[in-house]
Amino acid sequence: MIVAAGAWTPTLLPWMRDAVKCVGQPVYYFQPDNPELYLPDRFPPWAADIANTGWYGFPVQPDGTLKIANHGAGIPVDPKNDTAVPAETDELFVGFLEKTFPQLTGTRIKSRRLCFYCDSFDGDFWIDWVPDFEGLLVATGGSGHGFKFAPMMGSLIADRFEGKANEWESRFRWRGIGEGRAEAARKK
Ligand SMILES: Cc1cc2nc3c(=O)[nH]c(=O)nc-3n(C[C@H](O)[C@H](O)[C@H](O)COP(=O)(O)OP(=O)(O)OC[C@H]3O[C@@H](n4cnc5c(N)ncnc54)[C@H](O)[C@@H]3O)c2cc1C
């Protein structure tokens, strides 16, 4: 059996909580007064030094809202119960908006939500048989990057299931802190 439950993995397999955790990433929708100013030809999808700051956003949505999010450490949550964005996050988003896009100062927040990541402790996927649980393979640890790797994940997971070697198996295997990346790098 393969468990690929994303952010719900630590809930389903609680003994994995040292390895992977569910974190909530805040996503905000602002309601500008002049949405036509933020159409894609003037206001394309953007990232603001995302590797260092985590900020990214999109042109105006069909409902007239501007979606802005932050890819960062996130907030450790239980995906069954903790779905609300903490109130203090408003200040962070409003501060960024006003500093980065001064013409949007005072724009109303229409809605906000938490999106869930399953972060592994080292940011790598986790694709391996569960020790001491015969027949159970886990495929998780997207760490906010699972979507773009989706076209290759199926074959990597199938390889592990069928016992076929591939270039990434040691990096994504069951591991302790300090293993995985280091071992994969040594093998190159
Ligand atoms: C706001 C946001 C922005 C993102 N942006 C990007 C991006 O730009 N690029 C990128 O590469 N990645 C991005 N990601 C990350 C990407 O979405 C995830 O890494 C990816 O979806 C993880 O895939 P997964 O199959 O492991 O888990 P999921 O896609 O979460 O799938 C897990 C599935 O398991 C189901 N499930 C849970 N529990 C059970 C159960 N008990 N029984 C049956 N089914 C169950 C869930 O309903 C869900 O359908 C983003 C994520 C968020 C939240």
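As the structure is a computational prediction, the values presented were derived from the model and not from experiment.

## A short note on the layout of surface pockets
- In this structure, the largest pocket encloses a volume near 360 Å³.
- What lines the largest pocket is a set of 24 residues, among which Gly123, Asp124, Gly142, Ser143 and His145 lie closest to the centre.
- Looking at the lining of the largest pocket, the elements that each hand over two or more residues are strand 2 (20-31), strand 7 (108-120) and helix 4 (150-162).
- Here the element with the most residues in the lining of the largest pocket is helix 4; it accounts for three residues.
- For the lining of the largest pocket, the domains that each give at least three residues are domain 1 (2-16 + 121-187) and domain 2 (23-118).
- Computed from the structure, the second largest pocket encloses a volume of approximately 250 Å³.
- Residue assignment for the lining of the second largest pocket shows that the elements contributing at least two residues are strand 7, strand 9 (137-140) and helix 4.
- For the lining of the second largest pocket, the element with the most residues is strand 7, which contributes three residues.

## Quick notes on the packing of aromatic side chains
- The tally for this structure, following the rule as stated, stands at 18 aromatic pairs.
- Measuring from ring centre to ring centre gives 4.1 Å for Trp55 and Phe96, while their planes differ by 10 degrees; the resulting arrangement is stacked. Pair noted here: Trp55 is in strand 4 (residues 55-60) and Phe96 is in helix 3 (residues 89-100), with a separation of 41 residues, a long-range link. Note on accessibility: Trp55 and Phe96 belong to one class, buried.

## Brief notes about the nonpolar core
- Within the largest apolar cluster, 20 residues are counted, with the highest numbers of intra-cluster contacts made by Phe30, Trp46, Leu66, Ile68 and Phe101.
- Residues contacting Ile68, with those up to four places away along its chain left out, are Val27, Tyr28, Phe30, Trp46, Trp55, Tyr56, Gly57, Phe93, Phe96 and Leu97.
- If you look at the next biggest cluster of nonpolar residues, it comprises eleven residues, including Leu13, Met16, Ala19 and Val20.

## Notes on the side chain of Arg175
- Mapped onto the elements, Arg175 comes out in the loop between helix 4 and helix 5 (181-187).
- Classification of Arg175 as buried rests on a relative accessible area of 6%.
- Only 3.5 Å separates the side chain of Arg175 from the backbone oxygen of Phe172, close enough to count as a polar contact.

## Some remarks on the sheet that holds strand 9
- Judged by pairing direction, the sheet is mixed, and its three strands sit side by side in the order 1-9-8 without closing on themselves. The outermost strands of the open sheet, each flanked by one partner alone, are strand 1 (2-3) and strand 8 (126-129).
- Pairing geometry for strand 1 and strand 9, over two bridges, is parallel. Paired with Ile2 across the strands is Leu137, a residue of strand 9.
- Along the sheet, helix 4 makes contact with strand 1, strand 8 and strand 9, crossing strand 8 at roughly 20 degrees.

## Topic: the domain arrangement of the protein
- By domain assignment, the protein separates into domain 1 (2-16 + 121-187) and domain 2 (23-118).
- On a C-alpha basis, the centres of domain 1 and domain 2 stand 30 Å from each other.
- Of the roughly 660 Å² buried at the junction of domain 1 and domain 2 (both faces included), carbon and sulfur atoms supply 70%.
- Linking domain 1 with domain 2 are zero salt bridges.
- At the boundary of domain 1 with domain 2, the tally comes to two residue pairs in polar contact (both at pLDDT 80 or more).
- A per-class count over the side of domain 1 that touches domain 2 returns three nonpolar, nine polar and no charged.

The rules behind these values
Residues numbered from 1 in each chain as written. Predicted model: local features only at pLDDT ≥ 70, side-chain atom pairs only at ≥ 80, totals over all residues. Heavy atoms only, no water. 1 Å grid on protein atoms, 1.4 Å probe; cavity = no way out; pocket = protein on both sides within 12 Å on 5 of 7 lines; lining within 4 Å. Points joined across faces, edges and corners; volume = space filled by probe spheres on them. Helix = DSSP H or I, 4+ residues; strand = E, 2+ residues; numbered from the N terminus. Domains from an automatic or database assignment. Phe/Tyr/Trp six-rings, centres within 6.5 Å; stacked < 30°, edge-to-face > 60°. Buried < 20%, exposed > 50% of the residue type's maximum accessible area, 1.4 Å probe, protein only. Core = buried A, V, L, I, M, F, W, Y, C linked by side-chain atoms within 4.5 Å. Contact = heavy atoms within 4.5 Å. Polar contact = N/O pair within 3.5 Å; in protein donor to acceptor, adjacent residues only side chain to side chain. Pairing = 2+ DSSP bridges. Axes fitted to C-alpha atoms, helices over the stretch in contact; angles between N-to-C directions. Buried area = accessible area lost by both parts, 1.4 Å probe. Salt bridge = Lys/Arg side-chain N within 4 Å of Asp/Glu carboxyl O. Nonpolar A, V, L, I, M, F, W, Y, C, P; charged D, E, K, R; others polar.

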